[in-house]
There are 2 protein chains.
Amino acid sequence: MHDVARLAQVSVSTVSYVLTGTRPISQATRDKVLAAMAELDYQPNAMARGLASRRSRILGLLMPMDERGLGATETAFVTGAAAAASVAGYHLVLSPIGGGGDLDDLRRLATQRMLDGVVLMEVQLADERVTVLQEAGVPLVLIGRTGDADALSYVDIDFEQTVREAVEHLVGLGHRHIVYVNHSAATLASGYGPALRTRDAFVAAMTDYGLDPVMIPAEDSAAGGRAALAAAFARTPELSAVLAMNETAIFGILGELTGRGLSVPDDVSVVSLVTSPQVAELATPALTAMTSPGSALGRIAIEALVRHLDGPGNERHQQLLPCALEIRGSTAQRRPAISEPPRRGD
Amino acid sequence: MHDVARLAQVSVSTVSYVLTGTRPISQATRDKVLAAMAELDYQPNAMARGLASRRSRILGLLMPMDERGLGATETAFVTGAAAAASVAGYHLVLSPIGGGGDLDDLRRLATQRMLDGVVLMEVQLADERVTVLQEAGVPLVLIGRTGDADALSYVDIDFEQTVREAVEHLVGLGHRHIVYVNHSAATLASGYGPALRTRDAFVAAMTDYGLDPVMIPAEDSAAGGRAALAAAFARTPELSAVLAMNETAIFGILGELTGRGLSVPDDVSVVSLVTSPQVAELATPALTAMTSPGSALGRIAIEALVRHLDGPGNERHQQLLPCALEIRGSTAQRRPAISEPPRRGD
DNA sequence: GTGAAAGCGCTAACAC
DNA sequence: GTGTTAGCGCTTTCAC
């Protein structure tokens, strides 16, 4: 930087100011400085900037990685967030730090002033990470919501709206015996927000239609899906539609349906909740799904965070986005059972 | 740090030395210092340390994210790498920077001395990121190999060995007409190492058995898998086994097989290459697969990188790890066609 | 609109 | 085994 200043025949502070833009510089000197920087192939040192300015211009995206891998939905969050960060002049780094034992790791990262702000993915209703980060004084935005998120910034999927639309689609096709296959009982018990919120939304939506809301939990595996479907038929033999939010179990559900000689969508319609097009297309037939607004969520979260950092610093952003219904091959008009007399209005 | 020194009644440098451990400190003073740090709830500032020491103690994992999402295999890389970094006293951050337009972003990150070293995932045969990083003077380790990786450190899957074992398994079950479904023609043309290496290995292995090596490319989609299978039957009507390395197409392959009234594994055996147990269990029947050594790859890459950084700095680590054969329900003894007379030795 | 200089919070010679 | 001190490469008052 010294060299740049000398070459441009200005002071180091002037060079710094063209870099940061924190004070007006005449076009002439700016050009001189820029030319000198290019000439010398100068690159500012991020550590030194960070130390002097007390801002790293690095944003963290905390993304617990379980062994199941990341779906296309999560990937979309990430790419959306990275793009938004880049636009705002920040770097985005992902940290695989989870809710597990590496909470100390997180505390260290947060407290060492390496990150200007953080976006949390896969937020639990009671999420220790939030406490840790708040204590460390790191600005944060959630993707998802804790139980008491009133004071926090978040963006989340509008599960109520999403489930309602899915149910509406199925009811519109004439289905009346709809079973919702959720995540596992253990996941529900652990306070996983999406599982709880969709459960409640399903009950509400079905009740509004005067229908019986049957929910079955399923382990996150193909076998879990099969078991759940078996349970569903035991509980509701007239079952003609399945709503599911479980990207792994859904394959077991489809397999079990086929195994029972039932055709999708002729005998049973299937809608998958919060599902990426990529996964939806993997199935045969391709799944009608509520597609999550992945990259928008990531983008909005970062934008809110940046506004918080660059702005007065007391904003609070709370926003819900619904998933979009994408009709593919797994839903169809309900076919009345042969034994069933036609009803008026059919 | 000043305060810590005063409280412990030592100099700041002594505090620094107990922090870095770069010179012997008597147990007594160390304890005093540690006590003072705890008392004041002191946390060193990462930026300042980085500026003064010229090392950030941050390692980057460059992980291109395409819209397909990360499989369990990639996730295992990441968790293995993160664990190893933590053990070595480094932080690991992931950067979603890809081979796309954000090469400048990478150059900036690399050149600003924010990262002590990086691990590259999804390495292409000709990978510009390698050039950029080398020019920036950032130590790097590849997961995968470029075309001329002789001078670089890398860890990669031993595709030759992996394919050979898969073919051996199928031949051992009596299969002689085996088709290999690879990634797409475009992917092959783009110089994607795994696709090319498995192709060559397949040809070599089949030729060794005196068999005809038929390879069919497939788009990364269920539809691509169906098309590939159709092409495979057109080319090799006697087909009794499919080898595949394409986690998305494999579902189309299975669907098409079922659609043709063929049973897996009774009529056709299927082996999936470089596949995680999670994905293998998704299919019906569960797939016999060559399971990739995911977390070991990540761990070894980080360990090599750290050795490079902390050691004399001229090591070069090159290592290949084979996938492990895990037999599940998609492979079985070949069933001779009815029209086919029994051969001697059967 | 520009320059001079005082730090930012540490590390690592150099002293003893 | 410990203390003193000169930076690391920037940002940002304060002065003009």
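Just so you know, these numbers come straight off a predicted model, no measurement behind them.

### Considerations on the overall build of chain A
- Of the regular secondary structure elements, chain A holds 14 helices and twelve strands.
- On C-alpha atoms alone, chain A measures out to a radius of gyration of 26 Å, which is more than a quarter above the 20 Å that the 2.2 N^0.38 rule sets for 346 residues.
- C-alpha extents for chain A along the principal axes are approximately 95 × 40 × 30 Å.
- Burial status across chain A gives 53% buried among its 346 residues.

### Some details on the protein's contact with DNA strand C
- Around DNA strand C lies a shell of 26 residues, among which Thr14, Arg23 and Thr29 of chain A together with Ser16 and Arg49 of chain B are the nearest.
- Near the protein, meaning within 4 Å, the atoms of DNA strand C are sugar or phosphate in a fraction of 53%, with bases accounting for the rest.
- At 2.8 Å from a base oxygen of DNA strand C is found a side-chain nitrogen or oxygen belonging to Arg23 of chain A.
- Asn45 of chain B is positioned with one of its backbone polar atoms (N or O) 3.3 Å from a phosphate oxygen of DNA strand C.
- A class-by-class count of the residues in the surface near DNA strand C yields eleven nonpolar, eleven polar and four charged.

### Details of the nonpolar core
- Residues Leu243 and Leu273 of chain A together with Leu243 and Leu273 of chain B are the most contacted members of the largest nonpolar core, which totals 102 residues.
- Apart from the residues lying within four places of it in its own chain, the contact partners of Leu273 of chain A are Val163, Ala166, Tyr180, Thr198, Leu243, Ala244, Met245 and Met290 of chain A.
- Counting residues in hydrophobic clusters, the runner-up holds 54 residues, among them Val181 of chain A together with Ile250, Ala280 and Ala289 of chain B.

### Focus: the UniProt feature "domain: HTH lacI-type" (unreviewed entry) in chain A
- Annotation from UniProt places "domain: HTH lacI-type" (unreviewed entry) at residues 1-53 of chain A.
- Structurally, residues 1-53 of chain A is divided into 72% helix and 0% strand, and its ends, taken at the C-alpha atoms, are 16 Å apart.

### Overview of the sheet that holds strand β10 (residues 288-291) of chain B
Residues and elements named next belong to chain B.
- Spatial strand order, β7-β6-β8-β9-β10-β12: six strands in an open sheet with mixed pairing. The strands lining the two open edges of the sheet, one partner per strand, are β7 (214-217) and β12 (324-326). Within this sheet the neighbouring strands show an average axis-to-axis angle of 20 degrees, counted without direction.
- Bridge analysis of strand β9 (residues 269-272) against β10 gives two bridges, and the strand direction is parallel. Paired with Val271 across the two strands is Thr288, which belongs to β10.
- Its contacts with the sheet place helix α10 (residues 193-208) against β6 (178-182), β7 and β8 (241-244), and it is angled at close to 170 degrees to β6.

### Some words on the packing of aromatic side chains
- Under the definition given, this model contains three aromatic pairs over all chains.
- Arranged with centres 5.4 Å apart and planes meeting at 45 degrees, the rings of Tyr180 of chain A and Phe202 of chain A form a pair that is tilted. With a gap of 22 residues between them, Tyr180 of chain A in strand β6 (residues 178-182) and Phe202 of chain A in helix α10 (residues 193-208) connect regions that are remote in the sequence.
- The ring of Tyr90 of chain B has Arg57 of chain B sitting right over it, with the charged end atom 4.3 Å from the ring centre.

### Some points on the relation of the copies chain B and chain A
- Laying chain B over chain A is done by rotating through 180 degrees and shifting 0.0 Å along the axis; what remains is an RMSD of 0.1 Å. As the rotation angle and translation indicate, the two copies are arranged about a two-fold axis.
- The residues that chain B uses at the interface reappear at the interface of chain A in 100% of cases, marking a shared surface.

### Examining the interface of chain B and chain A
- On the chain A side, the residues contacting the 44 residues of chain B number 44 residues.
- Between chain B and chain A the total buried area reaches about 3900 Å² when both faces are included, carbon and sulfur atoms providing 68% of it.
- Of all the elements in the fold, those that place two or more residues in the side of chain B that touches chain A are α4 (46-53), α5 (72-87), β2 (91-95), α6 (103-111), α11 (222-235) and α13 (277-282) of chain B.
- At six residues, the largest contribution of residues to the side of chain B that touches chain A is made by α5 of chain B.
- A breakdown of the residues in the side of chain B that touches chain A according to their chemical character gives 21 nonpolar, 15 polar and eight charged.

### Observations regarding empty space enclosed by the protein
- Considering all chains together, one arrives at one cavity of 30 Å³ or more under this definition.
- Put simply, the largest cavity is a space of about 110 Å³.
- Lining the largest cavity, in full, are Ile58, Val93, Leu109, Met114 and Leu115 of chain A together with Ile58, Gly60, Val93, Ser95, Leu109, Met114 and Leu115 of chain B.
- Put simply, the parts of the chain that give the lining of the largest cavity at least two residues each are β1 (58-62) and β2 of chain B.
- Broken down by class, the residue content of the lining of the largest cavity amounts to ten nonpolar, two polar and no charged.

### Structural notes on helix α3 (residues 27-40) of chain A
Residue and element names in this part refer to chain A.
- For α3, built from 14 residues, the straight-helix expectation of 20 Å at 1.5 Å per residue is met to within 8% by its first-to-last C-alpha distance of 20 Å.
- On the buried face of α3, the contacting elements are α1 (2-8) and α2 (12-20).
- Once α3 finishes, Asp41 follows within two positions and takes phi at roughly 55 degrees, a positive value.

### Quick look at the pairing of β10 of chain B
Residues and elements named next belong to chain B.
- Residues Thr288 and Met290 point to one face of β10 and Ala289 and Thr291 to the other, with burial holding for every one of them.
- Each parallel crossover has a hand, and for β9 linked through α13 to β10 it is right-handed.
- Direction of pairing for β10 relative to β12: antiparallel, over a ladder of three bridges. Looking across to β12, one finds that Thr291 is bridged to Ala324.

### A closer look at the side chain of Gln112 of chain B
- As for its position among the elements, Gln112 of chain B is in the loop between α6 and β3 (117-120).
- Every residue in contact with Gln112 of chain B, bar those within four places of it in the chain, is listed here: Gln43, Pro44, Asn45, Ala46 and His91 of chain A.

### Some remarks on the protein's contact with DNA strand D
- As a structural note, the neighbourhood of DNA strand D is formed by 27 residues, with Ser16 and Tyr17 of chain A together with Ser13, Thr14 and Arg23 of chain B the closest of them.
- Near-protein atoms of DNA strand D (within 4 Å) split between backbone and bases, with sugar and phosphate holding 51%.
- The separation between a phosphate oxygen of DNA strand D and a polar side-chain atom of Arg49 of chain A is 2.8 Å.
- One of the side-chain nitrogen or oxygen atoms of Thr14 of chain B is found 2.6 Å away from a phosphate oxygen of DNA strand D.
- Only α2 and α4 (46-53) of chain A together with α2 (12-20) and α4 of chain B provide two or more residues apiece to the surface near DNA strand D.
- Across the surface near DNA strand D, the residue classes break down as eleven nonpolar, twelve polar and four charged.

How each quantity is defined
- Residues numbered from 1 in each chain as written.
- Chains lettered and ligands numbered in written order.
- Predicted model: local features only at pLDDT ≥ 70, side-chain atom pairs only at ≥ 80, totals over all residues.
- Heavy atoms only, no water.
- Helix = DSSP H or I, 4+ residues; strand = E, 2+ residues; numbered from the N terminus.
- Rg over C-alpha atoms; globule rule 2.2 N^0.38 Å.
- Buried < 20%, exposed > 50% of the residue type's maximum accessible area, 1.4 Å probe, protein only.
- Near = heavy atom within 4 Å.
- Polar contact = N/O pair within 3.5 Å; in protein donor to acceptor, adjacent residues only side chain to side chain.
- Nonpolar A, V, L, I, M, F, W, Y, C, P; charged D, E, K, R; others polar.
- Core = buried A, V, L, I, M, F, W, Y, C linked by side-chain atoms within 4.5 Å.
- Contact = heavy atoms within 4.5 Å.
- UniProt positions renumbered as here; feature names shortened; annotations may be inferred.
- Pairing = 2+ DSSP bridges.
- Axes fitted to C-alpha atoms, helices over the stretch in contact; angles between N-to-C directions.
- Phe/Tyr/Trp six-rings, centres within 6.5 Å; stacked < 30°, edge-to-face > 60°.
- Lys NZ or Arg CZ within 6 Å of the ring centre and 35° of its normal.
- Least-squares fit on C-alpha atoms with pLDDT ≥ 70 in both.
- Buried area = accessible area lost by both parts, 1.4 Å probe.
- 1 Å grid on protein atoms, 1.4 Å probe; cavity = no way out; pocket = protein on both sides within 12 Å on 5 of 7 lines; lining within 4 Å.
- Points joined across faces, edges and corners; volume = space filled by probe spheres on them.
- Expected span 1.5 Å × (residues − 1).
- Right-handed = clockwise from strand over helix to strand, strands pointing away.

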